[in-house]
Amino acid sequence: MTQSSRSVASPRVVSIADFRAIAQRRVPRSVFDYLDGGAEGEVTLRENCRVYDDVTFRPRHAVAFDQCNLRTRVLGFDLALPFLLAPVGYSRLMHPMGEVAAARAAGNAGTAYILSTISGHKLEDVKAASTGPVFYQLYLMGGRGAAEAVIERARVAGFSALAVTIDTPVSGIRERDHRNGMKELVSGGPFEKLPYLPQILSRPRWLASFLLDGGIPALPNVVIPGKGPMPLVDVAAALAESAVTWSDLTWIREVWRGPIIVKGVLTADDARRAIDEGAAAISVSNHGGRQLDCVPASLRVLPEIVKAVDGQIEVLMDGGIRRGTDIAKALCLGARAVLCGRAYAYGLAAAGEVGVNRAIEILRTDLDRTLRLLGCANVGELNRSYVNIPKSWDAD
Ligand SMILES: Cc1cc2nc3c(=O)[nH]c(=O)nc-3n(C[C@H](O)[C@H](O)[C@H](O)COP(=O)(O)O)c2cc1C
């Protein structure tokens, strides 16, 4: 057992916040802040988590049952848990096994993993690592040729759905990354890197594993026709050149011919548009507060969107999930399932696959306990009657 797996197995690690603290000690500040931070003043990042405090429970007491049923169906897949692992770019910076470790942990837990376009591992290897469904998150980086090629590869490899992220016409400005010299560290010359090296050298164990892994790889799933895999250094520029629009959904649907999740919906209008464009599901999301700052928390807009969708397609949500109670509240407000981003990525940064396993287990046992305390035996039965929401939310 390595030191990091011992630390996450400690009985003192009881919440996702404990993992966050371990991750902060294990990886360099630039990597931790990339994972932890948000855009601009981080207003939405904070609000994504805080907003769960506005919703309180209405438990039904003196109710007992043997088994809690946490199972749900997403896009026709039977999942053991009502949470999926969200796409998290550059996961290989957090741990060499990165996306492979996260996908394996998701499969072992009976849930789905969504692989980011900005992955350090080949999509075929990630799919092979999981026994559960794996979805591919698509950015149009590298142009339409690269996108069509990766969609075909994803189909052949057995990916089950495509998640098209619509909130990234350019990358949000994450000020911590600029202060930490993320760009210089990833793409600069030795002299540009120099001022930022002490924080890297202060994490020798991470540095050794990073160097043994071969440093920063090119993006193996963004293969530009005639040129090969896109180097990591081009990501921000490539995103700015590859905004997805509603009209792209038509050709993406024709090329993919499978279910599509539109990720990044924050208004009823965009939800209706996603339905019109043939989406099978949406994820109500502000990208974990990493894109446009000062948009509302995902949970806050969930009721408006659930109402507009009116059961026509599946509604998922992501943003700020750190506890089982957060998951229960999102399900009470109408989400079929949630996506967790940082909650498992802190585990990955803290201890690789072991950390992701434990983060999932914490959320699972949290949710099971929450249902028992609520007096609800089945996640499928959670609804508005189990929560109080602020009066102002009802006015929407
Ligand atoms: C480090 C990091 C990288 C991310 N990379 C992507 C990405 O490549 N594509 C994407 O659609 N969303 C990406 N997201 C957003 C997540 O999929 C998800 O929307 C968000 O993390 C949910 O908020 P939470 O972290 O509070 O759970 C990223 C999030 C983080 C924290």
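Preceding this section is the structure that the text describes.
Residues numbered from 1 in each chain as written. Predicted model: local features only at pLDDT ≥ 70, side-chain atom pairs only at ≥ 80, totals over all residues. Heavy atoms only, no water.

A. Molecular detail of helix α2 (residues 16-26). Looking at α2, one finds that the buried residues are Ile-16, Phe-19, Ile-22, Ala-23 and Arg-26. Buried positions in α2, seen along its axis, are confined to an arc of 110 degrees and lie on one side of it. Exposed residues lying more than 90 degrees from the buried face of α2 are Ala-17 and Arg-25. Looking at the buried residues of α2, the elements they touch are α1 (3-9), α3 (29-36), α5 (91-94), α13 (204-212) and α19 (342-374). (Buried < 20%, exposed > 50% of the residue type's maximum accessible area, 1.4 Å probe, protein only. Helix = DSSP H or I, 4+ residues; strand = E, 2+ residues; numbered from the N terminus. Arc of directions from axis to C-beta. Contact = heavy atoms within 4.5 Å.)

B. How the structure looks around the site of the ligand. Close to the ligand lie 21 residues, the nearest being Pro-87, Ser-116, Thr-165, Asp-318 and Gly-320. Gly-89 places a polar main-chain atom, nitrogen or oxygen, 2.9 Å from a nitrogen atom of the ligand. Within the contact set of the ligand, an oxygen atom lies 2.7 Å away from a backbone nitrogen or oxygen of Gly-320. Contact with the protein chains hides 98% of the accessible area of the ligand, taken as 600 Å² for the molecule alone. Grouping the constituent residues of the shell around the ligand by class yields 6 nonpolar, 10 polar and 5 charged. (Near = heavy atom within 4 Å. Polar contact = N/O pair within 3.5 Å; in protein donor to acceptor, adjacent residues only side chain to side chain. Areas by Shrake-Rupley, 256 points an atom, 1.4 Å probe, with all protein chains shown as cover. Nonpolar A, V, L, I, M, F, W, Y, C, P; charged D, E, K, R; others polar.)

C. Here's a closer look at the nonpolar core. By size, the foremost hydrophobic cluster in this structure holds 122 residues, and its most contacted members are Tyr-113, Met-141, Ile-252, Ile-282, Leu-299, Met-317 and Leu-382. The residues touching Ile-282, leaving out its near neighbours within four places in the chain, are Ile-261, Val-262, Val-265, Ala-271, Ala-274, Ile-305, Val-309, Ile-313, Glu-314, Val-315 and Leu-316. Grouped together as the second largest cluster of nonpolar side chains are 15 residues, Val-74, Ala-86, Ala-112 and Phe-135 included. (Core = buried A, V, L, I, M, F, W, Y, C linked by side-chain atoms within 4.5 Å.)

D. Molecular detail of the pattern of salt bridges. This structure, assessed with the given rule, holds 19 salt bridges. Arg-176 is the partner of Glu-42 in a salt bridge, and the nearest nitrogen-oxygen pair spans 2.9 Å. In this pair, Glu-42 is assigned in the loop between α3 and α4 (43-50) and Arg-176 in helix α9 (residues 175-179), connecting sequence segments 134 residues apart. Residue Glu-42 is classed as buried on the basis of its relative accessible area of 13%. Residue Arg-179 is joined to Glu-175 by a salt bridge in which the shortest nitrogen-to-oxygen separation is 3.0 Å. In this pair, Arg-179 and Glu-175 are both assigned in helix α9, 4 residues apart and thus about one turn of the helix distant. Judged by relative accessible area, Arg-179 falls into the exposed class, the value being 57%. What emerges from the salt-bridge pattern is a single network uniting Arg-20, Asp-33, Asp-36, Glu-42 and Arg-176. (Salt bridge = Lys/Arg side-chain N within 4 Å of Asp/Glu carboxyl O.)

E. Broad picture of the side chain of Gln-291. Turning to its location among the elements, Gln-291 is positioned in the loop between β11 (281-284) and α17 (298-309). There is a polar contact of 2.8 Å between the side chain of Gln-291 and the backbone oxygen of Val-170. In this structure the side chain of Gln-291 is engaged in a polar contact, spanning 2.9 Å, whose partner is the backbone nitrogen of Gly-172. For Gln-291, the residues in contact, after removing those within four places along its chain, are Ala-39, Asp-167, Thr-168, Val-170, Ser-171, Gly-172, Arg-174 and Asn-286.

F. Spatial organisation of the packing of aromatic side chains. Summed over all chains, the structure comprises 5 aromatic pairs. Ring geometry for Tyr-34 against Tyr-90: centres 5.1 Å apart, planes inclined by 85 degrees, an arrangement best described as edge-to-face. Of this pair, Tyr-34 sits in helix α3 while Tyr-90 sits in the loop between β4 (83-85) and α5, and the two are 56 residues apart along the sequence. Aromatic side chains Phe-77 and Phe-135 sit 6.2 Å apart centroid to centroid with 50 degrees between the ring planes, which places their arrangement in the tilted category. In this pair, Phe-77 sits in strand β3 (residues 77-79) while Phe-135 sits in strand β6 (residues 134-138), placing the two residues 58 residues apart along the sequence. Residue classification places Phe-77 among the partly exposed positions, given a relative accessible area of 28%. The ring of Tyr-34 has Arg-290 lying over it, and the distance from NZ or CZ to the ring centre is 4.9 Å. (Phe/Tyr/Trp six-rings, centres within 6.5 Å; stacked < 30°, edge-to-face > 60°. Lys NZ or Arg CZ within 6 Å of the ring centre and 35° of its normal.)

G. Representation of unusual backbone geometry. Phi is positive for Ala-62, which is not a glycine, with a value near 55 degrees. Judged by relative accessible area, Ala-62 falls into the exposed class, the value being 88%. Of note in the backbone geometry, Leu-75 takes a positive phi value of approximately 50 degrees without being a glycine. Relative to the helices and strands, Leu-75 is located in the loop between β2 (72-74) and β3. The class of Leu-75 is buried, set by a relative accessible area of 16%.

H. Spotlight on the pairing of strand β10 (residues 260-265). For β10, the tally of buried residues reaches 6 of 6 residues, placing the bulk of the element in the interior. Strand direction decides the pairing type here: strand β7 (residues 161-165) and β10, joined by 4 bridges, are parallel. Its bridge partner lying in β10, Leu-162 is registered against Ile-260. As judged from the 4 bridges shared by β10 and β11, these two strands associate in the parallel manner. Within the sheet, the bridge partner assigned to Lys-263 lies in β11 and is Ser-283. The β-α-β motif built from β10, the intervening helix α16 (residues 268-276) and the parallel element β11 has right-handed crossover chirality. (Pairing = 2+ DSSP bridges. Right-handed = clockwise from strand over helix to strand, strands pointing away.)

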